[in-house]
Amino acid sequence: QVQLQESGGGFVQAGGSLSLSCEASGSSDFLNVMGWYRQAPEKQREMVAFITTGGRANYTDGAKGRFTISRDNAQNTVYLQMNSLEPEDTAVYYCLYYSGGNNHWGQGTQVTVSS
């Protein structure tokens, strides 16, 4: 059973930066995709960015140029560096691990950006 341990997040003023990390355990699948989704109050969960084992990354338009996703395959860990944060980025951020047709989600970490 894949388990995801998220860390990071918190409170920051607009224009500031935060970083998130997520470590996956319990999986032996080398080929996988890890990423980040977020869900703001009263909104649907949406993708932020994801990255393959080979390092190919994809971002939503809102994340491009501000967020950077990276991973350490040896540590089964994915990172999200978020810069130039805006109040609209306030949400619970969820780590996703996808492998073998299955999605595994982290418990979520709160990111709050004040104006």
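Residues numbered from 1 in each chain as written. Predicted model: local features only at pLDDT ≥ 70, side-chain atom pairs only at ≥ 80, totals over all residues. Heavy atoms only, no water.

K.L.:
Got a minute to help me understand the overall build of the chain in this structure?
P.N.:
Helices and strands together make up the secondary structure of the chain, namely 0 helices and 11 strands. Computed over C-alpha atoms, the radius of gyration of the chain comes to 13 Å, within 12% of the 13 Å expected from 2.2 N^0.38 for 115 residues, which places it in the range of a compact globule. Its C-alpha atoms put the chain at 45 × 25 × 20 Å along the principal axes. Within the chain, the fraction of its 115 residues that count as buried is 39%. In the chain, of all internal contacts separated by at least 6 residues, the share reaching a separation of at least 24 is 52%. Counting only carbon and sulfur atoms, one obtains 45% of the accessible surface of the chain, whose full area is about 6300 Å². (Helix = DSSP H or I, 4+ residues; strand = E, 2+ residues; numbered from the N terminus. Rg over C-alpha atoms; globule rule 2.2 N^0.38 Å. Buried < 20%, exposed > 50% of the residue type's maximum accessible area, 1.4 Å probe, protein only. Contact = heavy atoms within 4.5 Å. Areas by Shrake-Rupley, 256 points an atom, 1.4 Å probe, with all protein chains shown as cover.)

K.L.:
I would appreciate a short explanation of the state of the cysteines in the present structure.
P.N.:
The term disulfide refers to a covalent linkage connecting the sulfur atoms of a pair of cysteines. All told, the structure shown has 1 disulfide when counted by the stated rule. Cysteine 22 shares a disulfide with cysteine 95; S-S distance 2.1 Å. Looking down the S-S bond of the cysteine 22 and cysteine 95 bridge, the torsion is -85 degrees, so its handedness is left-handed. You can see cysteine 22 sitting in strand 3 (residues 18–25) and its partner cysteine 95 sitting in strand 9 (residues 91–99), a full 73 residues away along the chain. Residue classification places cysteine 22 among the buried residues on the basis of a relative accessible area of 0%. (Disulfide = S-S within 2.5 Å.)

K.L.:
Just checking my understanding: could you explain the side chain of arginine 66 for this structure?
P.N.:
Position of arginine 66 relative to the elements: it lies in the loop between strand 6 (57–59) and strand 7 (67–72). Judged by relative accessible area, which is 13%, arginine 66 ranks as buried.

K.L.:
Please explain the packing of aromatic side chains as it appears in this structure.
P.N.:
Two aromatic rings, taken as a pair, are described by how far apart their centres are and by the angle between their planes. Going through the model one piece at a time under the given rule, you end up with 1 aromatic pair. Here the aromatic rings of tyrosine 37 and tryptophan 105 are separated by 5.1 Å at their centres, their planes lie at 80 degrees, and the arrangement is edge-to-face. Within this pair, whereas tyrosine 37 is found in strand 4 (residues 33–39), its partner tryptophan 105 is found in strand 10 (residues 102–105), the two being separated by 68 residues in sequence. It is arginine 45 that lies over the ring of tyrosine 94; its NZ or CZ is 3.7 Å from the centre. We note arginine 45 situated over the ring of tryptophan 105; from NZ or CZ to the ring centre the distance is 4.6 Å. (Phe/Tyr/Trp six-rings, centres within 6.5 Å; stacked < 30°, edge-to-face > 60°. Lys NZ or Arg CZ within 6 Å of the ring centre and 35° of its normal.)

K.L.:
Mind showing me how you'd approach the sheet that holds strand 3 here?
P.N.:
Working definition: the strands of a sheet are paired by backbone hydrogen bonds and lie parallel or antiparallel to each other. Strand order in the open sheet made by the 4 strands is 1-3-8-7, with antiparallel pairing throughout. This sheet does not close on itself; its edge strands, each paired only once, are strand 1 (3–8) and strand 7. The average angle at which neighbouring strand axes cross in this sheet is 15 degrees, direction not considered. Across 6 bridges, strand 3 lies against strand 8 (residues 77–82) in antiparallel orientation. Bridge pairing in strand 8 places leucine 20 opposite leucine 80. (Pairing = 2+ DSSP bridges. Axes fitted to C-alpha atoms, helices over the stretch in contact; angles between N-to-C directions.)

K.L.:
What exactly am I supposed to notice about the pairing of strand 11 (residues 109–114) here?
P.N.:
Working note: regular strand, side chains alternate between the two faces of the sheet. Of the pairings in the sheet, the one linking strand 2 (residues 10–13) to strand 11 comprises 4 bridges and is parallel in character. From the neighbouring strand, phenylalanine 11 faces strand 11, where its bridge partner is threonine 112.

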